[in-house]
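For reference, the chains in residue letters:
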Amino acid sequence: MLINLIIWQEMLILLADNREWKHEEMSEKMLEYLIHDNGLSDEYPEEDIKYIKDLINGRRGGRKKGWMFDIVSNSRNSIDVDKFDYLARDAYFIGKRTPFEFSRVMSLMRVIDDEICFKSKEAFHLYELFHTRYSMFKQVYSHRVGKAVELMIADAFFLADEVMDISGRLETAEDFCTLDDTLLNQIEYSTDPVLLPARSIVTNIRRRKLYKYVDEVSIPEHLWSSIKFTEEDVVNYGGEGLERDELVLDNYSLNYAMKDKNPMDNVRFYSADSLHESFQMPKESVSRMIPNNFMEKNLRLYCKNKDK
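Residues numbered from 1 in each chain as written. Predicted model: local features only at pLDDT ≥ 70, side-chain atom pairs only at ≥ 80, totals over all residues. Heavy atoms only, no water.

A. Fine view of the environment of Thr178. Locating Thr178 in the fold gives a position in the loop between helix H8 (173-176) and helix H9 (182-189). When the C-alpha positions of Thr178 and Leu247 are compared, they lie 31 Å apart, and in sequence the two are 69 residues distant. Excluding its chain neighbours within four sequence positions, the residues that come into contact with Thr178 are Arg169 and Leu183. Of the polar contacts made by the side chain of Thr178, one reaches the side chain of Arg169; its length is 3.1 Å. (Helix = DSSP H or I, 4+ residues; strand = E, 2+ residues; numbered from the N terminus. Contact = heavy atoms within 4.5 Å. Polar contact = N/O pair within 3.5 Å; in protein donor to acceptor, adjacent residues only side chain to side chain.)

B. Seen up close, the nonpolar core. Counting residues in each nonpolar core, the largest one holds 27 residues, and the members touching the most others are Phe157, Ala160, Ile187 and Tyr211. No other element matches helix H7 (residues 144-164), which puts 8 residues into this core. The contacts of Ile187, once residues within four sequence positions are left out, are Ala156, Phe157, Ala160, Met164, Ala198, Arg199 and Val202. (Core = buried A, V, L, I, M, F, W, Y, C linked by side-chain atoms within 4.5 Å. Buried < 20%, exposed > 50% of the residue type's maximum accessible area, 1.4 Å probe, protein only.)

C. Broad picture of a negative patch on the surface. There is a patch of like negative charges on the surface, built from Glu20, Glu24, Glu25 and Asp82. Residue placement: Asp82 occurs in helix H4 (residues 81-93). Owing to a relative accessible area of 41%, Asp82 belongs among the partly exposed residues under this scheme. (Patch = residues over 30% accessible without salt bridge, like charges linked within 9 Å, V, L, I, M, F, W, Y side chains within 5 Å. Areas by Shrake-Rupley, 256 points an atom, 1.4 Å probe, with all protein chains shown as cover. Salt bridge = Lys/Arg side-chain N within 4 Å of Asp/Glu carboxyl O. Lys, Arg positive; Asp, Glu negative; His and termini not counted. Charge placed at Lys NZ, Arg CZ, Asp CG, Glu CD.)

D. Up close: a nonpolar patch on the surface. A cluster of nonpolar side chains, contributed by Ile71, Val72, Val81 and Met106, occupies part of the molecular surface with about 260 Å² of accessible area. Structurally, Met106 can be placed in helix H5 (residues 102-107).

E. Here's a closer look at the packing of aromatic side chains. Applying the stated rule across the entire model yields 11 aromatic pairs. Seen from their ring centres, Phe137 and Tyr141 are 4.7 Å apart, and the 75° between their planes marks the pair as edge-to-face. Here Phe137 pairs with Tyr141, and both are found in helix H6 (residues 123-141), just 4 residues apart, close to one helical turn. Where Tyr213 meets Tyr302, the ring centres are 6.1 Å apart and the plane angle is 70°; that geometry is what we call edge-to-face. One end of the pair, Tyr213, is in strand E3 (residues 212-219); the other, Tyr302, is in strand E7 (residues 295-303), and 89 residues separate them in sequence. What makes Tyr302 buried here is its relative accessible area of 0%. Ring-pair connections join several aromatic residues into one group, and the members of that group are Phe130, Tyr134, Tyr256 and Phe294. If you follow Arg110 out to its NZ or CZ, it ends over the ring of Tyr270, 5.7 Å from the centre. (Phe/Tyr/Trp six-rings, centres within 6.5 Å; stacked < 30°, edge-to-face > 60°. Lys NZ or Arg CZ within 6 Å of the ring centre and 35° of its normal.)

F. Spatial organisation of the layout of surface pockets. As a volume, the second largest pocket reaches approximately 200 Å³. Every residue lining the second largest pocket is counted, 13 residues in all, and those nearest its centre are Asp215, Phe229, Val234, Leu249 and Leu301. For the lining of the second largest pocket, the secondary-structure elements that each account for two or more residues are E3, helix H11 (231-238) and E7. It is E3 that provides the largest number of residues to the lining of the second largest pocket, a total of 4 residues. Of the residues in the lining of the second largest pocket, the class split is 8 nonpolar, 2 polar and 3 charged. (1 Å grid on protein atoms, 1.4 Å probe; cavity = no way out; pocket = protein on both sides within 12 Å on 5 of 7 lines; lining within 4 Å. Points joined across faces, edges and corners; volume = space filled by probe spheres on them. Nonpolar A, V, L, I, M, F, W, Y, C, P; charged D, E, K, R; others polar.)

If you want it as structure tokens, here you go:
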């Protein structure tokens, strides 16, 4: 199993080499690698490979049956099988029941005017999809303990990069496939003195001596664009006895998958009385209890020294 993709993004931020790394681009590279590595190049012409890549990343490119490019990655309203898959999978493995029934929604889809549309009576159910995603990010993916482990792994990889060239293995699919859970074992059992700081972090993870959660705040919307708060600010404000390098500020956002927008504004529906005409449904016509805000931003503080 590949280590959480978020960790690679955290590490690249630490490396601060102005590189952008997107897992969607790596998915395309891995597709090519799998085809060539398994000797299937003759069975998959370049045109077919490009078509599959575009299906993965939702690039219509003016093709007929454009609705097919919304199945895996839907940039219009973010209702896609990628989301169905990871929410169902992750909820199952943590023993969490979700109110959203993926198979029911899929059975009530129709294509109208080259767009995937949904039965109007399922509108509230689709809101449940986005609320489920929000809940999973708030309660699971952004859990303060899990995040502490992520930050520690990212620090360990950053410290080990000089020896193990981890960042250099983020470019090609062949190299990327070597970045699995065994990396932690390689660091942990290494005798290289250069890896001692990284090895100490991995040992602390094993012993559950994690970065200490201090506190977090929800940032008011009117301050989203203006607030610039750093670890140094914490020290200057009142962090007596603390060093800047002992602190980690984690800025994270939670939303309905389209930043501060309501993805349902871009969804079209059909009714049982009119199967070939689509229409939009204002949220007020679905329920008066649907929120008006669709994103929150939070600031969380960790301390690397548990004794402070």
